[in-house]
Amino acid sequence: MASTPTLAIVLDGLSTAGLTTGCRHGVPWYVAQLGGQLVAALAELDRPLSSALAEALGRVADMHPECDLSNPGTPSATVAILRHRYGVLDHLVLADSPIVFEGPDGYSVITDLRVDDILPEMRAEVERHETHTPGHREALQRFVLAQRQMRNTLDGYWVASTTPEAAEHALTGTTPLDEANSAAVMSDGVSRLVTEYEMATWSDVFATLRAGGPRELINTVRKVEATDPTGRRWPRYKSGDDAAVAFCQW
């Protein structure tokens, strides 16, 4: 996660499921470099978010040319960006890290769920197993291997990786500032409290953010997950996914 007084960025590195990536640096390095390059590329306030993302993707790719960037498992990440500019809020979402606006008329969620339409039978096979079991690990690796072949293709889904073209497929838009009282930029490891676990509403989420901030919201997610550590109630890839939240008020 990265932020400035006018900018919030949340990146969520894609799981490797223990498989090779062709990159000697790894996913955490990739996410850290992309975040820094995005902040630099967005120093110009009028620059389109997609243009900045494309430049950042190209710069990070240039930073590790000795790695096998053609490997379909090369480090990748979701991207969610919110920018305050001249009385409006610009947003960009690439993959399933959402931005949620709290406005006078309720809540608006911007998210990119194209990945959910990919290989549903293999996804279901993973979810048939409890987490931390050999069957779950093997099914997850098969699923991730197959999913990688669909990554950043016209028939698949798009994430931040090595190709600047991915930025053209992000969801972008602008919201007048008077239509949003606040906003939350988050990874899907947090949003699932509402969307998958159904243990809170967006109203609950924003009440928690106002009362205790992002740390309290993440603690709430972890407490819920602790009641189902093996994924029997809520089938998932791992007991607890990476969680990050930027709570924005103005």
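Structure shown above.
The rules behind each value
- Residues numbered from 1 in each chain as written.
- Predicted model: local features only at pLDDT ≥ 70, side-chain atom pairs only at ≥ 80, totals over all residues.
- Heavy atoms only, no water.
- Salt bridge = Lys/Arg side-chain N within 4 Å of Asp/Glu carboxyl O.
- Helix = DSSP H or I, 4+ residues; strand = E, 2+ residues; numbered from the N terminus.
- Buried < 20%, exposed > 50% of the residue type's maximum accessible area, 1.4 Å probe, protein only.
- Pairing = 2+ DSSP bridges.
- Axes fitted to C-alpha atoms, helices over the stretch in contact; angles between N-to-C directions.
- Contact = heavy atoms within 4.5 Å.
- Polar contact = N/O pair within 3.5 Å; in protein donor to acceptor, adjacent residues only side chain to side chain.

Taken as a whole and judged by the stated rule, the model has 15 salt bridges. In this structure, Glu66 and Arg24 form a salt bridge, with 3.0 Å as the shortest nitrogen-oxygen distance. Taken together, the positions of Glu66 in the loop between helix 2 (49-63) and strand 3 (77-85) and Arg24 in the loop between strand 2 (7-13) and helix 1 (27-41) put the pair 42 residues apart, joining distant regions of the chain. Residue classification places Arg24 among the exposed residues on the basis of a relative accessible area of 65%. The partner of Glu125 in a salt bridge is Arg128, and the shortest N-O contact between them spans 2.5 Å. Judged by its relative accessible area of 25%, Glu125 falls in the partly exposed class. Residue class for Arg128 comes out exposed when judged on its relative accessible area of 59%. Through salt bridges with shared partners, a single ionic network connects Asp46, Arg83, Arg85 and Asp90.

Now for the sheet that holds strand 1 (residues 2-4). Judged by pairing direction, the sheet is antiparallel, and its 5 strands sit side by side in the order 1-2-3-4-7 without closing on themselves. This sheet does not close on itself; its edge strands, each paired only once, are strand 1 and strand 7 (171-176). Taking each pair of neighbouring strands and ignoring which way they run, the sheet shows an average axis angle of 10°. Lying on the sheet, helix 2 is in contact with strand 3 and strand 4 (88-94); it crosses strand 4 at an angle near 45°.

Turning to unusual backbone geometry, a few remarks are in order. Positive phi, close to 55°, is recorded for Ala17, a residue that is not glycine. Inspection of the secondary structure assignment puts Ala17 in the loop between strand 2 and helix 1. Accessibility expressed as a relative area gives 15% for Ala17, which makes it buried. Although it is not a glycine, Asn152 adopts a positive phi angle of roughly 55°. Within the secondary structure, Asn152 is located in the loop between helix 4 (134-148) and strand 7.

So, on to the sheet that holds strand 8 (residues 182-186). Pairing is antiparallel in the open sheet, where 4 strands are placed in the order 6-5-8-9. One side of each edge strand has no neighbouring strand; the edge strands of this open sheet are strand 6 (106-110) and strand 9 (245-249). Within this sheet the neighbouring strands show an average axis-to-axis angle of 15°, counted without direction. Pairing geometry for strand 8 and strand 9, over 5 bridges, is antiparallel. Looking across to strand 9, one finds that Ser182 is bridged to Gln249.

Turning next to the environment of Arg24. Each C-alpha atom of the pair Arg24 and His64 lies 8.9 Å from the other, and the pair is 40 residues apart in sequence. When near neighbours in sequence (up to four residues on either side) are disregarded, Arg24 contacts Glu66 and Cys67. There is a polar contact of 3.0 Å between the side chain of Arg24 and the side chain of Glu66.

Here we come to the environment of Glu168. With respect to the secondary-structure elements, Glu168 resides in the loop between helix 4 and strand 7. Through-space distance from the C-alpha of Glu168 to that of Leu94 is 9.6 Å; in sequence the pair is 74 residues apart.

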